[in-house]
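These are the residues of each chain, in order.
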Amino acid sequence: MTIERPADAPPRLPWLPRPNFWGGISVAAILLFLAFLVYPLLNLVISSMLTDTVSDKTVLDIYRELFTVPYYYEALLNSLLLGACATVAALLVGVPLAYCVTRFNIPGKLFIRAAVVLTFISPPFIGAYSWVLLLGESGVLRVPFAAIGFSPPTVYGWPGLILVLTLQGLPFVFLMVSSALRTVDQSIEDAAISLGRRPFQVVTTAILPLIAPGVSTGALLVFVTSFSDIGTPAIIGQNIRVFPRLIYGEFINETSAGDYRTASALSVVLLVVCVGALLIQRWYSTVRSYGQETVRPLGVRRLTGTHRFLASAFVYLVIALACLPILTVIVTSFLRTEKSVITPEFTLDGYLNAPRLLSSLTNTLLFTTVATVVCVFAGCLIGYVIARRTNRLGPVIDVFSMIPYAVAGVVLGLAFSLTFGGSPYFLAGTMTILVLAYFIRRLPYSIRSVTGMLSQIGRQTEEASVNLGVPPGQTFWRITFPMMMPAVVSGALITWATIAREFNATIILYGSSTQTMSVEVFREVIAGNFGNASVVGTVLIAVSLVPIVILFKVLGKDEDFLV
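Residues numbered from 1 in each chain as written. Predicted model: local features only at pLDDT ≥ 70, side-chain atom pairs only at ≥ 80, totals over all residues. Heavy atoms only, no water.

S.K.: Hey, could you run me through the overall build of the protein chain in this one?
M.R.: Counting its regular elements, the protein chain contains 25 helices and 2 strands. Relative to the globule expectation of 24 Å for 563 residues, the C-alpha radius of gyration of the protein chain, 25 Å, shows essentially globular dimensions. A buried classification covers 52% of the 563 residues belonging to the protein chain. Long-range contacts, defined as pairs at least 24 residues apart, comprise 80% of the intrachain contacts of the protein chain with a sequence gap of at least 6. Seen as two clouds, the 36 positive and the 28 negative side-chain charges of the protein chain have centres 9 Å apart. (Helix = DSSP H or I, 4+ residues; strand = E, 2+ residues; numbered from the N terminus. Rg over C-alpha atoms; globule rule 2.2 N^0.38 Å. Buried < 20%, exposed > 50% of the residue type's maximum accessible area, 1.4 Å probe, protein only. Contact = heavy atoms within 4.5 Å. Lys, Arg positive; Asp, Glu negative; His and termini not counted. Charge placed at Lys NZ, Arg CZ, Asp CG, Glu CD.)

S.K.: Can you walk me through a nonpolar patch on the surface in this structure?
M.R.: On the surface, a nonpolar cluster with roughly 440 Å² of combined accessible area is contributed by Ile 280, Trp 283, Tyr 284 and Val 287. As for its placement among the helices and strands, Tyr 284 is situated in helix α13 (residues 261–287). Owing to a relative accessible area of 31%, Tyr 284 belongs among the partly exposed residues under this scheme. (Patch = residues over 30% accessible without salt bridge, like charges linked within 9 Å, V, L, I, M, F, W, Y side chains within 5 Å. Areas by Shrake-Rupley, 256 points an atom, 1.4 Å probe, with all protein chains shown as cover. Salt bridge = Lys/Arg side-chain N within 4 Å of Asp/Glu carboxyl O.)

S.K.: What exactly am I supposed to notice about helix α17 (residues 393–402) here?
M.R.: Residues spaced three or four apart along an α-helix point in a common direction, a consequence of the helix completing one turn every 3.6 residues. Every buried residue of α17 is accounted for by Gly 394, Ile 397, Phe 400 and Ser 401. Along the axis of α17, the buried positions cluster into a sector of 125 degrees, meaning they face one direction only. More than 90 degrees from the buried face of α17, the exposed residues found are Pro 395 and Val 399. In this structure, the buried side of α17 is in contact with α1 (21–48), α16 (357–388) and α19 (431–454). (Arc of directions from axis to C-beta.)

S.K.: What should I look at first to understand the pattern of salt bridges in this one?
M.R.: Any two side chains of opposite charge can pair, on the condition that their charged atoms come close. Following the criterion strictly, the structure yields 11 salt bridges and no others. Ionic pairing is found between Arg 336 and Glu 345, a salt bridge with its closest N-O pair at 3.2 Å. For Glu 345, a relative accessible area of 41% puts it in the partly exposed group.

S.K.: Would you take a moment to explain the side chain of Asp 229 for this structure?
M.R.: Take Asp 229: it is sitting in the loop between α10 (212–227) and α11 (231–236). For Asp 229, the side chain forms a polar contact with the side chain of Thr 232, separated by 2.8 Å. Other than its neighbours up to four places away in sequence, Asp 229 contacts Pro 124, Leu 165, Gln 168, Pro 244 and Asn 504. (Polar contact = N/O pair within 3.5 Å; in protein donor to acceptor, adjacent residues only side chain to side chain.)

In structure tokens:
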């Protein structure tokens, strides 16, 4: 039955969506992104443009200083150089690694992929802290190396930063290239070989151009994470100034005075660089996308003799280097620590006596669970709007849902602190502000999971339900939601795992009663309490690993789902 519109009803504005359930959800999604993404970022930009009432500096003076005072622009150049070096190094190692594991008969592929996933979910600064334990002034490898007359290079400064950030970024390149290789059809390689190309030429001239979008996505993720990392430069950077560390320093120094202008201006520059990198990658990916169809994916080539040994040795050497920091943290958590020196004596005292372990664990579990539940609820509805609805708001919502990928944690943390930390909300240091930041930062995982699943489900069942008189909202919860449950659970688990390790936004927003495990590890490392840091770090790794194990073992997902 169709209800006729009253003749005397006011005319409907053409740009407004129809007043129905999904129209309301679309408007609510727009309002959500405006409130918790656009509004804080806009507030950050406005804050950077306010005139300093103490020094009487205008916005032009502040931004001019950023690009003329060596203290600021050298930090920006250092961050750009560090991000570029880590990206290039991660590509040089990660692309051959992914190709060898995907294309050749390397033994133990399941173990290799599990090891890569383990490095992906570990907290971002664990690598820096672990290398200090290994090669620091009192590192456990210093003594045996010194006994044979060898002095290993220091882990502090540029070499250590590039090494750690390269190993941290390696999983992004590996996962993206592995996924891209599965989209290449075997006929491409066969055709190149039949034209007389040598194996290396087949890779460089036929396969690499096809996987260029995947490679560029991995490069983007490495650059953004390296460029915006606070923890690693703070632990092993020594006197090297980088932009995120400068933002955090300005934020800490200016908190007491209530002046965020310099920190805001620095954050705006960092945001512009990250968004610019995202736009460049999107443009490059579009230009290099060939829209290929895969009927028969690339097969596994059998290597024998020396070739197989060399390929396996390369893969396991890289995996060993990537996993060494995590193993170091786990092992040292069971060793006795005297001041800052790790002794070979086994003990469980660290787990029994670690201060703030229980409180930080409780906070991490509580905040992560609440944020994940909210992400799943909102992600299901927003993902459905993006995938199914054809109103004019759908593309706008889709663009909004991509922005958190390009917003660094330190930028989002500062924007939230400026917007919601003071009057009239007064949420500084509370659980609410942390959960909101986690929610908006990790919401894309749930949205992408749902849209991916809906693209594979037909609409016939939903249309039949609506035609039988069931309202759209009930149809969604009774019919559509159960069908996309595997994607919902998968998105929830990956959201949970990534929120548990969140650090860059947390270090800006936490308070004395809302300290999480990632912050606790960082504070213990900075204080030189390596034993306590190892204990908390091991528990954090375990907490992050549980949902990934469920994802793989129960739901049958592979590592491609992580990015």
